[in-house]
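Structural description and commentary
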Amino acid sequence: MKINYLELLQEAADAKQYSYAPYSNFRVGAALISNINHIFIGSNVEGASYGVTTCAERNAFYKAITEGERHFKAIAIVSDSNRIIYPCGICREVMNEFVDDDFVVICGNSKLEYEVYKLKDLLPHAIIPLDNDDNYN
């Protein structure tokens with residue numbers, strides 16, 4: 001089944017309502033779709049101690065992982081900004097832990113305009129997950 005980017009972006013936009021962003025006022029929503037077409041949403045959650053803040057993308061992945069899902073097709077991320085947003089480096093590395101080379105990252109803005117990337121293009125020199133130790137020589 002082909003991924004409908006606009007539908008996934010709308011799911012991400014809807015997820016922004018659950019954001020807790022009193023410090024930055026920068027709400028982000030994410031929608032992660034599994035290989036069996038289950039959608040997991042996430043939103044960013046900030047804390048007064050900024051280091052405890054968690055991005056929407058990681059929250060979507062953590063929710064999926066803790067519910068037993070391990071195989072994913074794509075993630076869409078959206079904020080309230082008119083600028084297209086991209087996942088941070090930490091989120092990219094978390095994604096890399098659980099996806100294959102075909103995984104798609106749909107980066108959007110408040111108008112649901114978007115750009116589509118393969119994760120490997122956003123993270124060209126990723127840390128290699130432990131289960132892929134054939135790359136360690």
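Check the entry above for the structure.
Residues numbered from 1 in each chain as written. Predicted model: local features only at pLDDT ≥ 70, side-chain atom pairs only at ≥ 80, totals over all residues. Heavy atoms only, no water.

What to know about unusual backbone geometry
The phi angle of most residues is negative, glycine excepted, and most peptide bonds adopt the trans form. Heads up, the condition is: Starting at the N terminus, helices and strands are each numbered in turn, a helix being any DSSP run of H or I of at least four residues and a strand any DSSP run of E of at least two. Categorising residues by exposure relies on relative accessible area from a 1.4 Å probe, with only protein chains included: less than 20% of the type maximum marks a residue as buried, more than 50% marks it as exposed, and the intermediate range marks it as partly exposed.
Here the phi dihedral of N37 falls at roughly 65°; this positive angle occurs in a residue that is not glycine. Assignment of secondary structure puts N37 in the loop between β1 (28-34) and β2 (39-43). Residue classification places N37 among the partly exposed positions, given a relative accessible area of 32%. One non-glycine residue, L112, lies in positive phi territory at about 65°. Tracing the backbone through its elements, the reader meets L112 in the loop between β4 (104-108) and β5 (114-118).

Brief notes about helix α1 (residues 5-15)
Heads up, the condition is: What the arc measures is the spread of directions leading from the helix axis to the C-beta atoms. We call two N or O atoms a polar contact when they sit within 3.5 Å, provided that within protein one can donate a hydrogen and the other can accept it, with sequence-adjacent residues counted only if both atoms are side-chain atoms.
Within the sequence span of α1, burial applies to L8, L9, A12, A13 and A15. Projected onto a plane normal to the axis of α1, the buried residues spread over an arc of 155° and lie on a single side. Capping the start of α1 is the job of one residue whose side-chain oxygen sits 3.1 Å from the backbone nitrogen of L6: N4.

Here we look at the sheet that holds β2
Condition: At least two DSSP bridges between two strands are required for those strands to pair. Interaxial angle, 0 to 180 degrees, is taken between N-to-C directions of lines fitted to C-alpha atoms, where a helix line uses only the stretch in contact. Contacts were defined at the residue level, with two residues in contact if any of their heavy atoms lie within 4.5 Å.
Pairing in this open sheet of five strands is mixed, and the strands run β2-β1-β3-β4-β5 from one edge to the other. Two strands bound the open sheet, and with one partner strand each, they are β2 and β5. Each neighbouring strand pair of the sheet contributes to a mean axis angle of 15°, computed without reference to strand direction. Contacts between helix α2 (residues 56-66) and the sheet are confined to β1, β2 and β3 (72-79), with β2 contributing the most and set at about 140° to the helix.

Details of the environment of A56
The topology assignment puts A56 in helix α2. In this structure, the C-alpha to C-alpha distance between A56 and V78, residues 22 residues apart in sequence, is 9.3 Å. Not counting residues up to four positions away in its chain, the partners in contact with A56 are V28, G29, A30, G42, S43 and N44.

Looking at the pattern of salt bridges
The following threshold applies: Each reported salt bridge corresponds to a side-chain nitrogen of Lys or Arg within 4 Å of a carboxyl oxygen of Asp or Glu.
In the structure shown here, the tally under the stated rule is three salt bridges. When the shortest N-O distance is used, the salt bridge between R27 and D80 registers 2.7 Å. Pair noted here: R27 is in the loop between α1 and β1 and D80 is in the loop between β3 and α3 (89-98), with a separation of 53 residues, a long-range link. Note that K118 is salt-bridged to D102, the shortest N-O span being 3.7 Å. In this pair, K118 is assigned in strand β5 and D102 in the loop between α3 and β4, connecting sequence segments 16 residues apart. For K118, a relative accessible area of 30% gives the class partly exposed. We classify D102 as exposed; its relative accessible area is 52%. Here the salt bridges share partners, and the residues they tie into one network are K16, R27 and D80.

Topic: the pairing of β3
Burial analysis of β3 places eight of its eight residues in the buried class, which makes it a mostly covered element. The sheet contact formed by β1 and β3 spans seven bridges and is antiparallel. By the bridge assignment, S34 is partnered in β3 with F72.

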